Amino acid sequence: MASASATATLLKPNPPPHKPTIIASSVSPPLPPPRRNHLLRRDFLSLAATSTLLTQSIPFLAPAPASAAEDEEYIKDTSAVISKVRSTLSMQKTDPNVADAVAELREASNSWVAKYRKEKALLGKASFRDIYSALNAVSGHYVSFGPTAPIPAKRKARILEEMETAEKALSRGR
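What you are looking at is a predicted structure, and each value in this text was computed from that prediction instead of being measured.

What counts and how
- Residues numbered from 1 in each chain as written.
- Predicted model: local features only at pLDDT ≥ 70, side-chain atom pairs only at ≥ 80, totals over all residues.
- Heavy atoms only, no water.
- Helix = DSSP H or I, 4+ residues; strand = E, 2+ residues; numbered from the N terminus.
- Buried < 20%, exposed > 50% of the residue type's maximum accessible area, 1.4 Å probe, protein only.
- Contact = heavy atoms within 4.5 Å.
- Areas by Shrake-Rupley, 256 points an atom, 1.4 Å probe, with all protein chains shown as cover.
- Expected span 1.5 Å × (residues − 1).
- Arc of directions from axis to C-beta.

Comments concerning the overall build of the protein
Consideration 1: Counting its secondary structure elements, the protein contains 6 helices and 0 strands.
Consideration 2: Ordered by position from the N terminus, the helices and strands of the protein form the series α-α-α-α-α-α.
Consideration 3: Counting the 174 residues in the protein, one finds 22% classified as buried.
Consideration 4: Contacts spanning at least 24 positions in sequence make up 67% of the contacts within the protein whose residues lie at least 6 apart.
Consideration 5: Element-wise, carbon and sulfur atoms account for 60% of the exposed surface of the protein, whose accessible area totals about 13500 Å².

Right under this line is the structure:
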């Protein structure tokens, strides 16, 4: 008999799952269906054509290149930095004013770079490229080896050559 009662409990159906009761007062009213604002194909094509025309005309809307006054200021500042580099490099290593001259050169080169590095019109100029490279080499040397360390002959020759080509480019307006 024990086996008959065990079989009977196994055959009992499972009770139905519990369904939550919904209280009508806590339910918010149904939201209206979302509005469908699909663009028609012709609207999309006209929008695409307009955006294409605008992006192609942007170069014509770009600001004018730097004025002559700004070019003159760049030439004056660059010439001053070139002369300061030349005078500092020509000093003898036994000169007691070398450290002061190097400090002045680093200050002048840092201000020149800070002023002109962000000018997009100057980034493509040969004079800017050569001066920037030379100032980077001079500053890197003095940062690494100290203000009284002489610049090696090869590096000095390369720096002076870059200064010369930069001066030529400046005189040609490049």
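What to know about helix 6 (residues 153-171)
Consideration 1: For helix 6, which comprises 19 residues, the first-to-last C-alpha distance of 27 Å matches the rise-based estimate of 27 Å (1.5 Å per residue) to within 8%.
Consideration 2: Looking at helix 6, one finds that the buried residues are Ile159, Glu162, Met163, Ala166, Ala169 and Leu170. Angular distribution of buried residues about the axis of helix 6 spans 125 degrees; they occupy a single face of the element. When the buried face of helix 6 is taken as reference, the exposed residues oriented beyond 90 degrees from it are Ala153, Lys154, Glu161 and Ser171.

Purely geometric stuff here, so don't read any function into it on its own.
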